[in-house]
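# Analysis of the macromolecular model
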Amino acid sequence: MNVVLEGSGLVKRFGPAVALAGVGLAVGGEAVAIMGPSGSGKSTLLHCLAGIMKPDGGEVRLLGQRVDTMRERERSALRRTRFGFVFQFGQLLPELPAEENVALPLMLGGVRRGEAVRRAREWFGPLGLGGMEGRRPGELSGGQAQRVAIARALVTRPAVVFADEPTGALDQATGHDTMRLLVEATRGNDASLVVVTHDPQVARWCDRTVEVRDGRVLAGGPARDGRDRDGRDRGGPHAGPGAPGPYAGHAQGEPVTQVLPGADR
Amino acid sequence: MSGTLALSWRLLRGGGRRGLLGAGLTAVAVAVSTMLLLFAVSANAAFQGRADREAWRNPVAAGEGTAAAAVQAVRRDYVRDRYVTVVDVAVLKPGTAPPPGLDRLPEPGEVWFSPALAELARGLPAGELADRFPERIAGTVGDEALVHPGELVAVRGQAPDSPVMTAVAAADPRTGTAPKRVAGFTGSPTPDAQAYQALALIATVLMVVPLLVFGGAAARLTVARRDQRLAALRLVGATPGQVVAMTAAEAMITAAGGALAGAVLYGLLIPVLTRIEIAGGPWFASDLWPGVPYTSAVLAAVPLLVGLSAVVGLRRIVVSPLGVARRETPPAMRFVRVLALLAALAAVPALGAGAAAGVVAVVLGLVFLAINLAGPWVVGMIGRITARTARGPAGLLAGRRLTDDPRAAWRTVSGVAMTGFVAGFIGFLSPASGLLGDADAATLRLSVPAAQASRLTAEARERLSAADVAARVEVTGEGGRRILAVAVGKAAGDGGKAAREDDGTSGGPARAGGGAGPARADAAAVDRARTALDGLVPGRGATTAADEDLPGVLLLADIGTGTVVVLTVSFLVAVVSAGITAASSVLDRRQTYALLRLAGTPLKVLDRARRAETLIPLAVMGGGSIAVGVFCALPFSVSAVNAGGMAVLLVCVALGFAGVAGAGAASAPLLRSVTADPAPRPD
Ligand SMILES: Nc1ncnc2c1ncn2[C@@H]1O[C@H](COP(=O)(O)OP(=O)(O)OP(=O)(O)O)[C@@H](O)[C@H]1O
Ligand SMILES: [Mg+2]
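Residues numbered from 1 in each chain as written. Chains lettered and ligands numbered in written order. Predicted model: local features only at pLDDT ≥ 70, side-chain atom pairs only at ≥ 80, totals over all residues. Heavy atoms only, no water.

Here helix 16 (residues 590-598) of chain B lies mainly inside the structure; 9 of its 9 residues are buried. Backbone geometry just after helix 16 of chain B places B:Gly600 at a positive phi near 95°. (Buried < 20%, exposed > 50% of the residue type's maximum accessible area, 1.4 Å probe, protein only. Helix = DSSP H or I, 4+ residues; strand = E, 2+ residues; numbered from the N terminus.)

Tallied over the entire structure, the rule returns 9 aromatic pairs over all chains. Ring geometry for B:Phe47 versus B:Trp283: centroids 5.0 Å apart, planes at 85°, classification edge-to-face. In this pair, B:Phe47 sits in helix 2 (residues 16-54) while B:Trp283 sits in the loop between helix 6 (240-273) and helix 7 (285-288), placing the two residues 236 residues apart along the sequence. Take B:Phe47 and B:Trp283: they sit in the same class, and that class is buried. With a centroid separation of 5.8 Å and 55° between ring planes, the pair formed by B:Tyr78 and B:Tyr83 is classed as tilted. Here B:Tyr78 and B:Tyr83 have matching classes, each one buried. Among the aromatic side chains, those forming a connected cluster through ring pairs are A:Phe83, A:Phe85, A:Phe87 and A:Phe162. The cationic tip of B:Arg50 hangs over the ring face of B:Trp283; the distance from NZ or CZ to the ring centre is 3.6 Å. The side chain of B:Arg76 reaches across the aromatic face of B:Tyr83, ending 3.8 Å from its centre. (Phe/Tyr/Trp six-rings, centres within 6.5 Å; stacked < 30°, edge-to-face > 60°. Lys NZ or Arg CZ within 6 Å of the ring centre and 35° of its normal.)

Residues and elements named next belong to chain A. Orientation of helix 3 (residues 98-108) relative to helix 5 (residues 142-154), taken along the N-to-C sense of each, is 25°, at an axis distance of 7 Å. Relative to helix 5, the element helix 3 lies roughly parallel. Considering how the two elements wind past one another, helix 3 and helix 5 form a crossing that is right-handed. On helix 5, the residues that touch Ala-98, Asn-101, Val-102 and Pro-105 of helix 3 are Val-148, Ala-151 and Arg-152. Of the residues in the contact of helix 3 with helix 5, the class split is 5 nonpolar, 1 polar and 1 charged. (Axes fitted to C-alpha atoms, helices over the stretch in contact; angles between N-to-C directions. Parallel < 35°, antiparallel > 145°, perpendicular 65-115°, else oblique. Left-handed = near helix turned anticlockwise from the far one by under 90°. Contact = heavy atoms within 4.5 Å. Nonpolar A, V, L, I, M, F, W, Y, C, P; charged D, E, K, R; others polar.)

Here the focus is the domain arrangement of chain B. One widely used convention gives an interface's size as the accessible area the parts lose upon coming together. Assigned domains within chain B: domain 1 (1-51 + 210-328), domain 2 (59-187), domain 3 (334-434 + 561-683) and domain 4 (443-543). For domain 2 of chain B and domain 3 of chain B, the distance between their C-alpha centroids amounts to 52 Å. (Domains from an automatic or database assignment.)

A few words on the site of ligand 1. Residues and elements named next belong to chain A. Neighbouring ligand 1 are the residues Phe-14, Ala-19, Pro-37, Ser-38, Gly-39, Ser-40, Gly-41, Lys-42, Ser-43, Thr-44, Glu-165 and His-198. With respect to ligand 1, the side chain of Ser-38 contributes an N or O atom lying 2.4 Å from an oxygen atom. Looking at the shell around ligand 1 element by element, the count peaks at 3 residues for helix 1 (residues 42-49). Of the residues belonging to the shell around ligand 1, the class tally is 3 nonpolar, 7 polar and 2 charged. (Near = heavy atom within 4 Å. Polar contact = N/O pair within 3.5 Å; in protein donor to acceptor, adjacent residues only side chain to side chain.)

Attention now goes to the environment of B:Gly479. Within the secondary structure, B:Gly479 sits in the loop between strand 8 (471-476) and strand 9 (481-488). Placed 194 residues apart in sequence, B:Gly479 and B:Ser673 show a C-alpha to C-alpha distance of 85 Å.

Per the counting criterion, the structure on display carries 37 salt bridges over all chains. We note a salt bridge from A:Glu59 to A:Arg61, for which the minimum N-O separation is 2.9 Å. Overall, the relative accessible area of 24% leaves A:Glu59 in the partly exposed class. Linking A:Glu72 and B:Arg597 is a salt bridge whose minimum nitrogen-to-oxygen distance equals 4.0 Å. One end of the pair, A:Glu72, is in helix 2 (residues 72-82); the other, B:Arg597, is in helix 16, on a second chain. (Salt bridge = Lys/Arg side-chain N within 4 Å of Asp/Glu carboxyl O.)

In summary, soluble globular proteins display a tendency toward joint burial of nonpolar side chains. Residue and element names in this part refer to chain B. Judged by nonpolar contacts, the single largest core of 150 residues is most densely connected at Leu-206, Val-367, Phe-421 and Cys-632. By residue number, the principal contributor to this core is helix 15 (residues 545-588), which donates 13 residues. Counting contributing residues, this core receives three or more from each of domain 1 (1-51 + 210-328) and domain 3 (334-434 + 561-683). Not counting chain neighbours up to four residues away, the residues in contact with Phe-421 comprise Leu-206, Leu-364, Val-367, Phe-368, Ile-371, Ser-625, Ile-626, Val-628, Gly-629 and Cys-632. (Core = buried A, V, L, I, M, F, W, Y, C linked by side-chain atoms within 4.5 Å.)

Moving on: the sheet that holds strand 4 (residues 57-62) of chain A. Residue and element names in this part refer to chain A. On the basis of which strands lie adjacent, the open sheet formed by 4 strands has the order 2-1-4-5 and antiparallel pairing. Strand pairing shows two members of the sheet lacking a second neighbour, strand 2 (17-27) and strand 5 (65-66), which therefore form its edges. Sheet analysis places strand 1 (residues 5-14) next to strand 4, joined by 5 bridges and oriented antiparallel. Residue pairing for strand 4: Glu-6 is matched across the bridge by Arg-61. (Pairing = 2+ DSSP bridges.)

This part takes up a nonpolar patch on the surface. Residues and elements named next belong to chain B. Taken together, the side chains of Leu-212, Leu-305, Leu-308 and Val-312 make up a nonpolar region of the molecular surface, amounting to roughly 370 Å² of accessible area. Looking at the nonpolar patch, the element that brings in the most residues is helix 8 (residues 291-319), giving 3 residues. Relative to the helices and strands, Leu-212 is located in helix 5 (residues 191-235). For Leu-212, a relative accessible area of 46% corresponds to the partly exposed category. (Patch = residues over 30% accessible without salt bridge, like charges linked within 9 Å, V, L, I, M, F, W, Y side chains within 5 Å. Areas by Shrake-Rupley, 256 points an atom, 1.4 Å probe, with all protein chains shown as cover.)

Take the pairing of strand 2 of chain A next. Residues and elements named next belong to chain A. Summarising the sheet, strand 1 and strand 2 pair through 8 bridges and their orientation is antiparallel. Residue Phe-14 lies in a different strand from strand 2, and its bridge partner there is Ala-17. Where strand 1 folds back on strand 2, the antiparallel hairpin that results is connected by 2 residues, among which Gly-15 adopts a positive phi of roughly 65°.

Here the focus is the side chain of B:Arg597. Since its relative accessible area comes to 15%, B:Arg597 is described here as buried. Ignoring any residue separated from it by four or fewer positions in sequence, one finds B:Arg597 in contact with A:Glu72, A:Arg79, B:Leu603, B:Arg672, B:Thr675 and B:Ala676.

Okay, here's the thing in structure tokens:
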């Protein structure tokens, strides 16, 4: 396995409370589900891996480069260019139409507006959002809004997508649909996926499950079955937006595509 | 109801640090509004007070068949560049109530000085002022009879048959009233006082309308922040009545605190405000204290209005529990709003210099409200244009946000827009100060009966030389009335400008050394001459052209002062409202901002978007309302535009813009702090 992102010996304390007590996790071009009871430290782990929080101990490396020692400005740029995020809800700007919400990360990266919107639109069909480009988040259902969020997370072609209970606010059927789209879309775009979930069935679409309890990793192992449970293959999104994003070979050095499995570009 | 109140109080206190911050913002807004509202109310009461205290010096003749209690004559005298109001009183009926400010009826040969006059008379050489009042000083005129603390007033007792009390009317009604038989010392407000009251009323409208708009916006702030929580309450089954009552109670608790703080602030500010000079003098502290009834009325009305405004803002949530949870494409503002403005503007040309102050105030108020109606429409328009043409993310965010909630954006800039309107209106109206040239301050003039002209000329020369004043005395004019002209500082017999049109009593070419500039005279010498000539013609004083211009000079100064006061108030409103709306919009959107930042959006972009959100509408609306203000001033414009004044006002407006931009920037640290939370949750 080519490790893309690796956290080792991660410790995080909030006052006297220990949220992470030495956690290690390596992700390499796969989909990893993080599971565990409430308050066990899943979100904290995700935040440390994504460079949102600085851990009190241990280190985080993206393609060998230390993330946890970077200054906030650099980590912010890293999050913008190399990571994608899907949260439970609320990450879409309510006043922007869906397509502009998706185009925003590209525009932040300097892509001209027309080009950014054009590239954003390419995601709508494959994600089953055809015709919803001009709608506001408030005019979308919860599942549709999450699919827009998925497009937004992937539009910059990040190395890793982080998702914290992305389907927590959806009903089970919609949640499963959305989750599968997320997994397939990240795979199709050669990105790794780290997803926090409570739903064991959701975890099954991932390649691997990591069990966190009291700030420690309990057990890890491949999901029983995954991608082909319903006979669906990982078609979809990656077929649509074919043009490589501006970050496909970003300044950080080696193009991500080289170390990702299934890199076909 | 008390249960609701208790729950509201707990909600208010339990809102956490940010909830309290939000309530604090509202309280600050209400405090500033209350303070300025009290000021606006007091300003009217203050002018009313001045008018009332001055009324007794504007005697009303006793009606036919009514027994007169006294004879009263009022004359305006001058010392240096100030008025001295001289009131001569001859009591006809003992037992009449004394004039205001006097402890008893004056006897002939007695004089009462106002404190300022007494001090001035002591300070200047007797020959310049004190000698005009040879009477025995019997007391001090009380404050209740003075327009302002610095006013120079003398009240003299006279015998009913003294020359002063039997003199004929002065040539110019502005310099005084002829002796009148009055039924009592009450009188009626002078026309000047009424004019000032009318101006104060207009100024009040200019200040109060933006204040109300601002207060309403502040109230809706509370609601906006509570939206989610209340919608949640509604979802768990609170009845609309309960939600409304709780919101109203919460807003009113906050507002009551703010209003109280505002009243205290205003009280602390009174000593500073009394120093604002209008109509030649500062104010009594009691003038600016609105009194218990007005204060309690304001203190009661402000929380009520805030509560009402909050309830109106709540309508949406009460109608649907999902209310604000769903964000949809907002319907565009209706064009009717602009039509309202156009309609209001159409009424403006009907106004004119002759229109009653009340009508002007109403039309101005309407235009004001219409601007406030049209504002959101224009902001929405600006938003659509900005969004369409935006290249970068900041412009796009700003444009979409403006389109999404034009009302919110308007709230941020409405203050400056309103101020722009005021500035445009007053700025265009202020007459140029150059209108009044350098008037002759050295030639005293006194109208004399033709028959006595030569006798009086001789006596004047005598008196002047006795007072050791070098002056040339001559008589000008035709017919029954002649003008005795006394050119102070010129050697007797020295020719001058005045001689050219004279009747030949003196002559000779002007001498270069004879004081070429007519205006430049020794003020002390002029006052000595005035004093020497005092009583030469009973009931009449000698005046220079500069003296006669004094009312105009004062009026110009007052317009300038009024403009500065009104603009200061509006800018205060504008800056505070901009700061508060900016801060509250950060609070309202903290989750979205935090998630954006979490996903790596640079704060710089968010800040730039927020700046554009304010500055673009600010520039457009500020400029637009200045133009509307100028348009509204057109019907009243009597003189050429005062370029200097306009420039000063534009500088003021620019300062206001800077203030608003600064107030918006002040919320940047707040943005930093709310987005620092790595795990933002909706509360
Ligand atoms: N900002 C914070 N301040 C203090 N304690 C915190 C903070 N964030 C997390 N914690 C604590 O750290 C521990 C782990 O929190 P974390 O949010 O990672 O849990 P989680 O596994 O994501 O739970 P859930 O499934 O409920 O989301 C908890 O005990 C929590 O109380
Ligand atoms: Mg969590």
